[in-house]
Amino acid sequence: MSKDRIVFERQELVRFGHCDPAGIVFYPRYFEMLNALIEDWLTHGLSVDYAQLLGPRRVGLPTVELKSEFKAISRMGDVLRQTIAIEKLGRSSLALRVVFEGSDGPRVRFAQVLVCTSLETHKAQPFPDDLRAALERAVGDEP
């Protein structure tokens, strides 16, 4: 798979609540936006209901590694194009490249690794079949 292949994209408006007294996005808010983006990708992009996955199915996808690179500030009213690309799909882990861009280029970049876990044992486990199939379709490797 090409590293440049985007598997999910959405836009998010920077709101007053995202900003600090200086009028720019307070950096922890980017991590909240990232989490919401991952939830939306699973539910809307992959058609695997995130609430069902965590709730009744007891499958977790915690972040085990996260690198962030802040490139430029964002202000209230900016629209951020948020994209996800899959770098590597393993048996129970997933490496992602996520970028938030404004009209003038990247604002923040993330390298994130998620691991599939049982919420009963908190141990790594293989991706459930439906999630595995959806991820394989996203990277272009049909199951």
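Here the structure is shown first, and the text comes after it.
Report follows, based on the coordinates.

Criteria and thresholds
Residues numbered from 1 in each chain as written. Predicted model: local features only at pLDDT ≥ 70, side-chain atom pairs only at ≥ 80, totals over all residues. Heavy atoms only, no water. Helix = DSSP H or I, 4+ residues; strand = E, 2+ residues; numbered from the N terminus. Expected span 1.5 Å × (residues − 1). Buried < 20%, exposed > 50% of the residue type's maximum accessible area, 1.4 Å probe, protein only. Contact = heavy atoms within 4.5 Å. Core = buried A, V, L, I, M, F, W, Y, C linked by side-chain atoms within 4.5 Å. Patch = residues over 30% accessible without salt bridge, like charges linked within 9 Å, V, L, I, M, F, W, Y side chains within 5 Å. Areas by Shrake-Rupley, 256 points an atom, 1.4 Å probe, with all protein chains shown as cover. Salt bridge = Lys/Arg side-chain N within 4 Å of Asp/Glu carboxyl O. Pairing = 2+ DSSP bridges. Axes fitted to C-alpha atoms, helices over the stretch in contact; angles between N-to-C directions.

## Considerations on helix H1 (residues 27-45)
- Here H1 is 19 residues long and its end C-alpha atoms lie 26 Å apart, about the 27 Å a rise of 1.5 Å per residue gives.
- For H1, the complete set of buried residues consists of Tyr30, Met33, Leu34, Leu37, Ile38, Trp41 and Leu42.
- Following H1 by one or two positions, Ser47 adopts a phi angle in the positive range, close to 60 degrees.

## Observations concerning helix H3 (residues 129-139)
- In terms of residue burial, H3 counts as a mostly covered element, since eight of its 11 residues are buried.
- Among all positions of H3, only Leu131, Arg132, Ala133, Ala134, Leu135, Glu136, Ala138 and Val139 are buried.
- Where H3 is buried, its residues meet strand S1 (6-13), H1, helix H2 (50-54), strand S4 (79-89) and strand S5 (93-102).
- Looking at the residues trailing H3, positive phi occurs at Gly140, about 90 degrees.

## A look at the nonpolar core
- Ranked by internal contacts, the top residues of the largest apolar core, which has 34 residues, are Trp41, Leu46, Leu96, Phe100 and Leu131.
- For this core, the element with the highest residue contribution is H1, accounting for seven residues.
- With residues up to four places along the chain from it excluded, the contact list for Leu131 reads Leu42, Leu46, Val48, Leu53 and Leu61.

## Looking at a nonpolar patch on the surface
- A contiguous nonpolar surface patch, about 310 Å² in accessible area, is contributed by Phe26, Tyr27 and Phe70.
- The topology assignment puts Phe70 in strand S3 (residues 63-70).

## Observations concerning the pattern of salt bridges
- Following the criterion strictly, the structure yields 12 salt bridges and no others.
- In this structure, Arg57 and Asp130 form a salt bridge, with 2.7 Å as the shortest nitrogen-oxygen distance. In this pair, Arg57 is assigned in the loop between H2 and strand S2 (59-60) and Asp130 in helix H3, connecting sequence segments 73 residues apart.
- A salt bridge links Glu87 to Arg97; the shortest N-O distance between them is 3.0 Å. Highlighted residues: Glu87 in strand S4 and Arg97 in strand S5, separated in sequence by 10 residues.
- What makes Glu87 partly exposed here is its relative accessible area of 31%.
- Here Arg97 falls in the partly exposed class, since its relative accessible area comes to 26%.
- Residues joined by salt bridges that share partners form a network here, namely Glu9, Arg81 and Glu101.

## A short note on the sheet that holds strand S6 (residues 105-115)
- The strand order across the open sheet built from five strands is S1-S4-S5-S6-S3, with neighbouring strands paired in antiparallel fashion. Each end of this open sheet is capped by a strand with a single partner; those strands are S1 and S3. For this sheet, the mean angle separating the axes of adjacent strands, direction not counted, is 20 degrees.
- As defined by bridge partners, S3 adjoins S6 across seven bridges and the pair is classed as antiparallel. Bridging across to S6, Phe70 finds its partner in Val108.
- Docked against the sheet, H1 engages S1, S3, S4, S5 and S6, running at close to 130 degrees with respect to S1.
- Across the sheet, H3 lies against S1, S4 and S5, angled at about 105 degrees from S4, the strand it touches most.

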